[in-house]
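# Coordinate analysis (summary)
This is what each chain is made of:
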Amino acid sequence: IFGSQDEEWIVVRDYGRTFQIYDGKTFEPKGSLEKVEGTQIDGLMSISPDGIFTFGVWNLTDNKETKRRLYFADLKTAEILSYYEVTDTIIDDVKCMDGVAYIASTKWGKDASDYSDAYLTAVDIQTGNVLWENEYKGFQAKSVTLPGYEGGTDLLFLTKDTVVLCDLENGAATLTLPVI
C-alpha cells in the first residue's frame, strides 16, 4: 500500500504486477494499472502532488537482472504515460513536478561498498526522454528535494558527501556544499 503525501491517492499493489488506484479520502476505487512488462516491482515508488505515480520494474532472467524501467503513470486517468530505461545505475530517489521527473541515481563499482558516480537526471514524463543529466564523480546519490514554493527555480540534490543546488531547467549546479 502506498499513499500520496496529501492523502489524495492510495495505490495498492497485488501479488502480481497490477496496481489498484483509490481515492485517498473516500477509498472509492478509481481504476487500475494493469500488469506491466517485468518480473519484479521495485520498492521505489512516489506520487507527485499532481497525481503522477512513479514505480520501478525489473526483469530477471536466470536470476540475473536484464532490464529495469522506471514507469510514469497518471493516477487521474489510470494510464501509463511512459517509462525511462534505467541503464547501469541504481535509482535512489525520484520526484516529479510540472511534467518532469528528477532522478537521483548511483552507478556502483565492482562491489557494493565501491560506489563510483552519482547522477541527477531530468526525464520528460510524457515521452520518457532525457532532458538533461549531470554526473558527480566519486559520489553516492541520496535524494532530490523540489522547490517548496511557487516559482522556485532550483532543486536540492543530496549525495553522501555534498548538497548541490541545481537549476531546474538545465541541471547546472549553482551552489555546492559539503555535508558535515
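Note: the structure precedes this text.
Residues numbered from 1 in each chain as written. Predicted model: local features only at pLDDT ≥ 70, side-chain atom pairs only at ≥ 80, totals over all residues. Heavy atoms only, no water.

### Remarks on the sheet that holds strand 2 (residues 9-13)
The 4 strands lie next to each other as 1-2-3-4, forming an open sheet whose pairing is antiparallel. Two strands bound the open sheet, and with one partner strand each, they are strand 1 (2-3) and strand 4 (29-33). (Pairing = 2+ DSSP bridges. Helix = DSSP H or I, 4+ residues; strand = E, 2+ residues; numbered from the N terminus.)

### Brief notes about the layout of surface pockets
Estimated volume of the largest pocket: approximately 320 Å³. Going through the elements one at a time, strand 1, strand 5 (40-47) and strand 9 (90-97) are the ones with two or more residues in the lining of the largest pocket. Taken together, the residues that form the lining of the largest pocket break down as 8 nonpolar, 5 polar and 3 charged. (1 Å grid on protein atoms, 1.4 Å probe; cavity = no way out; pocket = protein on both sides within 12 Å on 5 of 7 lines; lining within 4 Å. Points joined across faces, edges and corners; volume = space filled by probe spheres on them. Nonpolar A, V, L, I, M, F, W, Y, C, P; charged D, E, K, R; others polar.)

### Some thoughts on the side chain of Thr-54
Considering the arrangement of structural elements, one finds Thr-54 in strand 6 (residues 52-61). Aside from chain neighbours lying at most four places away, what touches Thr-54 is Leu-44, Met-45, Ser-46, Leu-70, Tyr-71, Phe-72, Val-94 and Cys-96. (Contact = heavy atoms within 4.5 Å.)

### Re the environment of Met-97
Tracing the backbone through its elements, the reader meets Met-97 in strand 9. Distance in space between the C-alpha atoms of Met-97 and Pro-49 is 7.9 Å, their sequence separation being 48 residues. With residues near it in sequence (within four places) discarded, Met-97 still touches Tyr-102, Leu-146, Pro-147 and Leu-168.

### Comments concerning unusual backbone geometry
Positive phi outside glycine occurs at Phe-27, with the angle close to 65°. Tracing the sequence through the fold places Phe-27 in the loop between strand 3 (19-23) and strand 4.

### Remarks on the packing of aromatic side chains
Inspection of every chain in the model, using the stated rule, returns 7 aromatic pairs. Seen in terms of ring centroids, Tyr-102 and Trp-132 are 6.2 Å apart; in terms of plane orientation they differ by 45°. Their pairing is tilted. Remark: Trp-132 occurs in strand 12 (residues 130-137) and Tyr-102 occurs in strand 10 (residues 100-108); sequence separation between them is 30 residues. Assessed through its relative accessible area of 4%, Tyr-102 is described here as buried. A relative accessible area of 9% places Trp-132 in the buried class. Linked through ring pairs, Phe-19, Phe-53, Phe-55, Tyr-71 and Tyr-83 together constitute an aromatic cluster. (Phe/Tyr/Trp six-rings, centres within 6.5 Å; stacked < 30°, edge-to-face > 60°. Buried < 20%, exposed > 50% of the residue type's maximum accessible area, 1.4 Å probe, protein only.)

### Here we look at the nonpolar core
Within soluble globular proteins, side chains that are nonpolar generally end up buried alongside one another. Phe-19, Leu-33, Phe-53, Phe-55 and Leu-75 are the most contacted members of the largest nonpolar core, which has 16 residues in total. Taken together, the elements giving at least two residues each to this core come down to strand 2, strand 3, strand 5, strand 6 and strand 7 (64-74). Setting aside residues up to four positions removed in sequence, Leu-75 forms contacts with Trp-9, Val-11, Ile-21, Ile-47, Gly-51 and Phe-53. If you look at the next biggest cluster of nonpolar residues, it comprises 15 residues, including Val-100, Leu-120, Ala-141 and Val-144. (Core = buried A, V, L, I, M, F, W, Y, C linked by side-chain atoms within 4.5 Å.)

All we've got here are geometric facts, nothing functional implied.
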